[in-house]
Structures are given as structure tokens and as C-alpha cells.
Amino acid sequence: MKYETIVNQPVIVAERFDLRPLRVSDAGLIGMNAGDARVARFTRSIPHPLPPGATEALIARAQAEGRSEDIWSIDGTKAGGSEVMGLISLERVDDGQSEIAYWVAPAYWNTGVASAAVEVLLAANPHQARTIFATVFQDNAASARVLTNCGFQYLGDAEAFSVARGAKVLTWTYSKKMI
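Since we're looking at a predicted model, the values are computed, not measured. (Residues numbered from 1 in each chain as written. Predicted model: local features only at pLDDT ≥ 70, side-chain atom pairs only at ≥ 80, totals over all residues. Heavy atoms only, no water.)

A. Layout of helix α5 (residues 141-149). Looking only at α5, the buried set comprises S143, A144, V146 and L147. In a view along the axis of α5, the buried residues occupy a sector of 155°, so they form one face of it. Each element contacted by the buried residues of α5 is listed here: β5 (97-104), α4 (113-124), β6 (131-137) and β8 (167-177). Phi for G151, located one or two positions after α5, is positive at around 90°. (Buried < 20%, exposed > 50% of the residue type's maximum accessible area, 1.4 Å probe, protein only. Helix = DSSP H or I, 4+ residues; strand = E, 2+ residues; numbered from the N terminus. Arc of directions from axis to C-beta. Contact = heavy atoms within 4.5 Å.)

Dropping the structure here:
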């Protein structure tokens, strides 16, 4: 019998969903959604096609002691939604600085889930960050709108490698002062 790792990470309660630590049982839904080419192409790190064991490795990293990144499932079961409507994360990048990243399953695109998840995570600020950064690909205007609607300020252009695309992609970088 395999036991679930208990992660020292808060559950963050919102009206339509809860942000909760990943569970081993999330692997199927994460794999189904992250394996969608439309999701993978807008992330830096999700390969497409998704190789066997990738979601289990993600969950193991999310549950590891000493991790620098906290990952939450956007769990909509309390409002009749999926246990994994998407994922949202905060990675510690420097003292007092974290980077937010997220993806939402295509079934929940254009429903306000991404904006609501970013807002509730910012309000909780579990890393007690003074500044939170975010990067989006320039061909992902919807994600850029999420950030600007949540109070992020544009910093500049850059580029990042997309595993799914196998190429460098132009990005917009944003920041939000928290404290």
C-alpha cells in the first residue's frame, strides 16, 4: 500500500473552488489536461506528447521536502466542478520574491477560473512575498489579461524555451508588489 505524502502547504478556500496540494489521485486528470496540446503549448515545461510517468513525477516534486515550488490543484468539486480544473504554483526565486504560474483545463477557459485562482493566491500570499513575477508567451493574450486584471504591471519582453514547442518563444514579463 502506498501512503500519501502530507505536504506542508495551505489549502486556500475560494468561493468556486479550493486551492489544495496535489494528491497522487490527481495524476489521471492532470495527465488528461496537461497532455492536451492546447495547454502544453502555453507552458514552458509541459512536453507534448506527455510522456508516461510525467504527472507522477510532478506530483512527487510537489510533495517533496525542501521544494522551492508549491503547486495547488484548482479543485472545483464543492461547486460541481472537476477535482483538477487546472494547476497554479508559486516558486521561490529569491528572498521575498516568487513567480506565479498556472494553467487551466480547456473546459474552463473563458470562465474566470484563472483570474479567480490568481486573485485568491495573491490574497493569501503564502510565501509572504514582497514581489511576485509572472511570464506569459506573447501569443497567449488571455493569460496576459489575467495578469493585468489582477494588478500585475508589465516589465518587458524576453524569451523562454517551450518544451512542447521545442523552441524559444517571445514572452512578456510582469510583476506585482505585494507588501
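B. Structural context of the pairing of strand β4 (residues 86-94). Relative to β4, strand β3 (residues 69-75) runs antiparallel, the two being bridged by five bridges. Among the inter-strand pairings, E69 is bridged to a residue of β4, identified as E91. When β4 meets β5, the two strands line up antiparallel, connected through eight bridges. Bridged to D94 within β5 is Q97. Adjacent in sequence and paired antiparallel, β4 and β5 are bridged by two residues, among which G96 carries a positive phi angle near 75°. (Pairing = 2+ DSSP bridges.)

Geometric values such as these leave the question of function open.
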